[in-house]
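# Fold and contact review
Read off the chains here:
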Amino acid sequence: MAKKTDDSQQEVKNSTPSVAQAQPLSKKEAAKAAKKQREVIEKNLKPATEDLDIFEANKVESEPLIKMRDVKISFKMGTMERIVINHLNLDINRGEILGLVGESGSGKTTIGRALIRVNKVTDGEILYDNVPISGKIPRSREKLLKTKIQMVFQDPGDSLNERANIDYIVSEGLRANHLFKDEAERMQKVQDIMQRVGLRVEFLSRFPHEFSGGQRQRIGIARCMVMNPEFVIADEPISALDVSIRAQILNLIKEFQQERNMTVLFIAHDLSVVRYISDRIAVIYAGNIVELTEANRLFEVPLHPYTKSLLTAVPIPDPSVEKKKKIVVYNPREVHHYMRSDPPKLVEIEPGHWVRCDSKEKEQYEVELKEKIAKLEAQKRADEEAARLKAAKSSEKGEDSHA
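Residues numbered from 1 in each chain as written. Predicted model: local features only at pLDDT ≥ 70, side-chain atom pairs only at ≥ 80, totals over all residues. Heavy atoms only, no water.

With that settled, consider the overall build of the protein. When helices and strands are tallied, the protein shows 16 helices and 12 strands. Each of the 403 residues in the protein was classed as buried or not, and the buried ones make up 40%. Summed over all atoms, the accessible surface of the protein reaches about 24,100 Å², with 51% contributed by carbon and sulfur. For the protein, the centre of its 65 positive side-chain charges and the centre of its 62 negative side-chain charges are spaced 5 Å apart. (Helix = DSSP H or I, 4+ residues; strand = E, 2+ residues; numbered from the N terminus. Buried < 20%, exposed > 50% of the residue type's maximum accessible area, 1.4 Å probe, protein only. Areas by Shrake-Rupley, 256 points an atom, 1.4 Å probe, with all protein chains shown as cover. Lys, Arg positive; Asp, Glu negative; His and termini not counted. Charge placed at Lys NZ, Arg CZ, Asp CG, Glu CD.)

Here it is, written out as structure tokens:
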């Protein structure tokens with residue numbers, strides 16, 4: 001009997017996790033675990049076929065096009081390490097325009113450059129159609145990825161080769177990836193895309209320095225769209241342009257997205273611009289997504305203090321209202337009081353509305369959300385009543401005039 005009891009105690013001892021197992025993994029152990037997980041993902045991938053490439057073979061229409069899982073991006077200078085993006089989890093849905101907004105230095109461009117494999121991902125995983133595209137990947141996959149992902153850069157001047165003519169610049173991707181049968185087809189593709197972006201075919205023999213900023217950006221868009229990509233990263237494409245040209249470039253990007261059902265990551269620091277073009281908006285601060293929701297919803301019920309701060313910076317056309325507006329300055333040390341036992345994380349406050357907060361802030365945001373929704377509904381009812389009264393008065397005047 002005593003022996004049986006000893007055996008049962010030994011079983012309990014073996015089934016109970018030890019203290020060492022509960023402790024966080026070291027860097028070496030974490031790297032091994034990540035490598036093992038990557039091997040499992042690669043092993044479960046469906047192979048490419050004659051009709052389908054590896055991305056098409058593993059595509060699931062109902063799932064997001066881009067998945068970023070615990071992505072960390074850092075830069076080293078000697079023994080110093082500067083972490084720019086830390087534990088980023090973000091999905092970009094197929095066929096949507098996702099606006100990424102934040103101040104300079106928040107990590108917007110770093111994320112975009114990581115998606116096109118310019119910036120190395122230190123830790124975590126980026127998946128494109130459920131296929132890993134970060135870290136070491138086969139050369140054939142990397143070459144194929146260049147035909148699926150393209151980028152429109154911020155400075156239209158620096159992104160164009162000053163020594164090459166426009167014909168060479170626009171068709172460079174076609175040549176590199178052999179996306180044409182003969183010279184006639186290549187020229188036809190280049191001419192068609194030039195006309196589509198609003199530039200004359202005669203411009204193909206000219207050089208970038210002969211064009212204005214808006215025309216250069218159109219050339220950059222033509223170079224991107226001639227590849228017929230599935231996913232486009234627009235990195236502040238209008239920040240270096242005049243106000244009169246900005247709307248034209250925004251409309252051009254939106255038209256291409258609707259015609260080709262492309263997925264677009266639109267990076268900017270101006271919320272009013274992002275609201276116009278985006279389906280959803282992600283607000284980023286110091287490398288962390290602090291709020292993510294639908295574009296109109298973000299303006300109706302902003303919850304995170306940094307989002308509110310950005311909204312107060314948006315100019316209002318009415319001078320009398322603009323004078324009374326109070327600018328909100330965001331200071332995370334004063335606003336947040338996070339504890340190590342309850343670190344902040346992205347929490348879904350309402351369906352599709354995510355906010356970075358701890359458990360205490362979550363309760364506050366839920367109460368605030370209910371109050372704001374109640375105000376919006378009351379305002380909507382008041383507007384409907386006012387419209388009804390106005391329509392009734394106009395009908396009465398019409399009857400009096402006939403009498």
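With that out of the way, let us pick up the packing of helix α7 (residues 166-177) against helix α9 (residues 213-225). Packing of α7 against α9 brings their axes to within 7 Å, and their N-to-C directions diverge by 35°. Contacts between α7 and α9 involve Ile 166, Ile 169 and Val 170 from the first element and Ile 219, Ala 222 and Arg 223 from the second. The residue inventory of the contact of α7 with α9, partitioned by class, reads five nonpolar, no polar and one charged. (Axes fitted to C-alpha atoms, helices over the stretch in contact; angles between N-to-C directions. Contact = heavy atoms within 4.5 Å. Nonpolar A, V, L, I, M, F, W, Y, C, P; charged D, E, K, R; others polar.)

Another point: a positive patch on the surface. A contiguous patch of positive charge, built from Lys 35, Lys 76, Lys 120 and Lys 136, is present on the exposed surface. Secondary-structure assignment places Lys 35 in helix α3 (residues 27-44). (Patch = residues over 30% accessible without salt bridge, like charges linked within 9 Å, V, L, I, M, F, W, Y side chains within 5 Å. Salt bridge = Lys/Arg side-chain N within 4 Å of Asp/Glu carboxyl O.)

Here the focus is the sheet that holds strand β12 (residues 353-357). Read across the sheet, eight strands follow the order β6-β7-β8-β3-β9-β10-β12-β11 without closing on themselves; strand pairing throughout is mixed. With partners counted over all chains shown, the strands left at the sheet margins are β6 (149-152) and β11 (345-350), one partner each. If you compare each strand with its neighbour and ignore which way they point, the axes differ by 20° on average. In this structure, strand β7 (residues 231-235) lies alongside strand β8 (residues 263-268), joined through five bridges in parallel fashion. Its bridge partner being in β8, Ala 234 is matched across the sheet by Phe 266. Seen against the sheet, helix α5 (residues 108-115) touches β3 (97-101), β6, β7, β8 and β9 (280-285) and runs at an angle of roughly 150° to β8. (Pairing = 2+ DSSP bridges.)

On inspection of all chains with the given rule, the structure shows five aromatic pairs. Residues Tyr 285 and Tyr 306 carry aromatic rings whose centres are separated by 4.7 Å and whose planes lie at 50° to one another, so their mutual orientation is tilted. Taken together, the residues span a long stretch of sequence, with Tyr 285 in strand β9 and Tyr 306 in helix α13 (residues 305-312) at a distance of 21 residues. Aromatic pair Tyr 306 and Tyr 330: ring centres 5.3 Å apart, planes at 55°, arrangement tilted. (Phe/Tyr/Trp six-rings, centres within 6.5 Å; stacked < 30°, edge-to-face > 60°.)

It is worth spelling out the sheet that holds strand β2 (residues 80-92) at this point. Pairing is antiparallel in the open sheet, where four strands are placed in the order β2-β1-β4-β5. Of all the strands in the sheet, just β2 and β5 (131-132) have a single pairing partner and so form its edges. Pairing between strand β1 (residues 66-77) and strand β4 (residues 123-128): five bridges, direction antiparallel. Paired with Lys 67 across the bridge in β4 is Leu 127.

Moving on: the pairing of β11. The pairing of β11 with β12 spans five bridges and is classified as antiparallel. When the bridges of β12 are listed, Leu 346 appears paired with Arg 356. Linking β11 back to β12 in an antiparallel pair, the connection comprises two residues, with Gly 352 at a positive phi of about 85°.

The predicted model of the protein averages 88 in pLDDT, with 92% of residues at 70 or higher. Note that residues 1-22 has pLDDT below 50 and, in this model, zero contacts with residues that lie over four places away or in other chains. (pLDDT = per-residue confidence, 0-100.)

Applying the stated criterion across every chain yields a total of 26 salt bridges. Where Glu 63 meets Lys 67, a salt bridge forms, and the shortest distance between an N and an O atom there is 2.8 Å. Residues joined in a network through salt bridges with shared partners are Asp 53, Glu 56, Lys 59, Glu 61, Arg 94, Asp 129, Lys 148 and Glu 230.

On to α7, then. Every buried residue belonging to α7 is among Ile 166, Asp 167, Ile 169, Val 170, Ser 171, Leu 174 and Asn 177, and all of these are buried. Buried positions along α7 lie against α6 (139-148), α8 (183-196) and α9. Downstream of α7 by a residue or two, His 178 has a phi angle that is positive, lying close to 55°.

Below, the discussion takes up the nonpolar core. In this structure, Val 170, Ile 221, Phe 266, Leu 271 and Ile 281 are the most contacted members of the largest nonpolar core, which totals 52 residues. Phe 266 has contacts with Ile 97, Leu 98, Gly 99, Leu 100, Ala 234, Pro 237, Leu 250, Ile 253, Val 273, Val 274 and Ile 277, leaving out every residue within four places of it along the chain. Leu 45, Leu 65, Ala 114 and Ile 133 belong to the second largest nonpolar core, which has 34 residues in total. (Core = buried A, V, L, I, M, F, W, Y, C linked by side-chain atoms within 4.5 Å.)

Here α9 crosses helix α10 (residues 243-260) at 15°, and the two axes come no closer than 10 Å. One way to sum up the angle between α9 and α10 is to call them roughly parallel. The two elements α9 and α10 meet at a crossing, and its hand is right-handed. Residues Gly 214, Gln 217, Arg 218, Ile 221 and Met 225 of α9 form the contact with α10, whose participating residues are Ile 245, Gln 248, Ile 249, Leu 252, Ile 253, Phe 256 and Arg 260. The residue makeup of the contact of α9 with α10, split by class, is seven nonpolar, three polar and two charged. (Parallel < 35°, antiparallel > 145°, perpendicular 65-115°, else oblique. Left-handed = near helix turned anticlockwise from the far one by under 90°.)

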